[in-house]
Amino acid sequence: MRTFEFLRPADAAAAIAAAALSPTAQQGASVRFLAGGTTLLDLMKLGVEAPDRVVDINRLGLGGIEREADGGLRIGATARNSDLAHHPVVRAEYAALSRAILAGASTQLRNAATTAGNLLQRTRCLYFRDTATPCNKREPGTGCSAIGGANRMLAVLGTSEHCIATNPSDMAVAMMAYDAVIHVQGPQGERQVPIAAFYLLPGDRPDRENVLEPGELVTHVRLPAPERGARAAYLKLRDRASYEFALVSAAVSVAVTGGRMTAVRFALGGVGARPWRLPAAEAALLGQAPDDALFRQAADLALAGARPQSQNGFKIELARRCLVHALRQVTA
Amino acid sequence: MSEQIDERAAPGARDEDEGRLAVTLSINGQRHALQIDPRTTLLDCLRETLHLTGTKKGCDHGQCGACTVHVNGRRQNACLALAAAREGDEIVTIEGVGTPGQLHPMQAAFLEKDAYQCGFCTSGQIMSALALLNEPCGASDDDVREFMSGNICRCGAYANIVAAIQHARGQS
């Protein structure tokens, strides 16, 4: 691991000032915030990340989880994934989020990993993690080894000719379905970014993964008040029963009133360059009575733009079935 | 991947004292005032600096669980924690659990149920199993398997590991 200066800032302002010196908040950043470390240290050992400065944000008081006056939930950036998954409000009212978190990683990792770190976790694409191979995400302009290479785990939605990496998060898929808003503090003040606008598609700059600029610190995430009467599920399909990334996953939340679906929200994981929200497919279900044929139509809509690679074409049908099954579960 | 000497490192990085951090860690109830390289993981600090070699280095990437320790009562992978970031935390390693003459009931259960072969993953398995006792783990063997999935056993002693944990749970 390349050496670095370890900073323990007294407050968020000092952390932001230190990080603002980096030319980018994306791949190649010279300053990185350290929260749980489960992604950052792993990638620093691999040489994929090589910051000059590591800024410890674990003692900045950003770990709280609180119910807000309007019924929403405020989740601190350094709240541990375990604490979030087992929080009584999350278990009862954001069940898909609790289940998504518990479907990811291991207990040890969830005890360390944080809200913001999970949102910002990097792809598990083999080539991104292997500095001996070309990768446009790690080193722009070097090419994509995954196209025509080992791409069974990689994306079918939102890809480009430069990158087909998958976003590996389970938590972010559920947060996408719950319309999370990411609160960011930076050198220019505070701003709020809806999660649907937080992640960037790879295009010709796969090294840029989200909208964060140098010095910007995610302080917390806000979930709107839960939909009344909604039932939610997180269905994850993978090669092993536990401790494995998704081939395909679906977070769904549906409210049925008077026999009709009055609120429908879902997102897919494991198939997209980012957690994949499906507004057109959701709209196709609104106001309708739950029905298998209808779910199938929505799933077709959701996967309409999918582009298979040499090894991952199976994900398209698997994703359709995953979504239909999850919709069935919450409307049965 | 093999170790590489990183030529990009500043010359000062090879100087023994340059850039060292003063860190005080609490391990098994004992405080240790240390001067460490900022790169030192909690795992390397335990093994190389403090010579507490019961905690094992398997994959060093948070995938195998051999380095599992307790931080403030909860299990974590010591390989993915910077030692410098753990100041003020209470860390417990396998050396803080029982003694050869007075085993913790979980350790005794691993012996009784023959829950290991080569033994390399065992300290991590036991640290995870102990933590599990205070986690919302259901009663079934499948529940135990799910909660223990972060600990890999290359010998495949899983059946007896589950049996040992269920045995210990039955006693507590």
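Remember, it's a predicted structure, so these values are computed and weren't measured experimentally. (Residues numbered from 1 in each chain as written. Chains lettered and ligands numbered in written order. Predicted model: local features only at pLDDT ≥ 70, side-chain atom pairs only at ≥ 80, totals over all residues.)

**Describing the sheet that holds strand β2 (residues 31–34) of chain A**
Residue and element names in this part refer to chain A. This is how the line gets drawn: Pairing between strands is defined by DSSP: at least two bridges between them are needed. Segments assigned H or I by DSSP are reported as helices when at least four residues long, segments assigned E as strands when at least two residues long, and all are numbered from the N terminus. In this analysis, axes come from line fits to C-alpha atoms, helices being fitted only over the stretch in contact, and the angle between any two N-to-C directions falls in the range 0 to 180 degrees.
Strands sit in the order β1-β3-β2 across an open sheet of three strands; the sheet is parallel. Two strands in the sheet have a free side with no partner beyond their single neighbour: β1 (5–7) and β2. Adjacent strand axes in the sheet meet at a mean angle of 25°, parallel and antiparallel pairs treated alike. In this sheet, strand β3 (residues 53–56) lies alongside β2 in parallel orientation, the contact comprising four bridges.

**Looking at the sheet that holds strand β7 (residues 189–194) of chain A**
Residue and element names in this part refer to chain A. The test is simple: Think of it this way: build a C-beta for each residue from its backbone, and any pair within 7 Å is a contact.
The strand order across the open sheet formed by five strands is β4-β5-β8-β6-β7, and the pairing between neighbours is antiparallel. The open sheet has two edge strands, β4 (65–67) and β7, and neither has a second partner. Strand-to-strand twist across the sheet, computed as the mean angle between neighbouring axes with direction ignored, equals 20°. With six bridges joining them, strand β6 (residues 181–186) and β7 adopt antiparallel strand pairing. Bridging across to β7, glutamine 185 finds its partner in glutamate 190. Against the sheet, helix α1 (residues 12–19) contacts β6 and β8 (217–223), and its axis sits at roughly 120° relative to β8.

**With respect to the packing of helix α2 (residues 105–112) of chain B against helix α5 (residues 158–171) of chain B**
All names here are of chain B. Just so we agree on the cut-off: Our angle categories are set so that under 35 degrees counts as roughly parallel, over 145 as roughly antiparallel, 65 to 115 as roughly perpendicular, and the remainder as oblique. A crossing counts as left-handed when the near helix is turned anticlockwise from the far one by less than a right angle, and as right-handed when that turn is clockwise. Under the scheme applied, nonpolar residues are Ala, Val, Leu, Ile, Met, Phe, Trp, Tyr, Cys and Pro; charged residues are Asp, Glu, Lys and Arg; polar residues are all the others, including Gly.
Axis separation between α2 and α5 bottoms out at 8 Å; the angle between their running directions is 135°. When the interaxial angle is binned, α2 and α5 end up oblique. For the element pair α2 and α5, the recorded crossing hand is right-handed. Between α2 and α5, the contacting residues are Pro105, Met106, Ala109, Phe110 and Glu112 on the first element and Ala164, His167, Ala168 and Gln171 on the second. Residue classes in the contact of α2 with α5 are distributed as six nonpolar, two polar and one charged.

**Describing the domain arrangement of chain B**
All names here are of chain B. Quick reminder of the rule: Each domain's extent is set by a domain assignment, obtained either automatically or from a database.
Looking at the assigned domains, one finds that chain B contains domain 1 (19–93) and domain 2 (105–171). For domain 1 versus domain 2, the distance between C-alpha centres works out to 22 Å. On the side of domain 2, 10 residues touch domain 1, which itself brings 13 residues to the contact. Along the lines of polarity and charge, the residues of the side of domain 1 that touches domain 2 split into four nonpolar, six polar and three charged.

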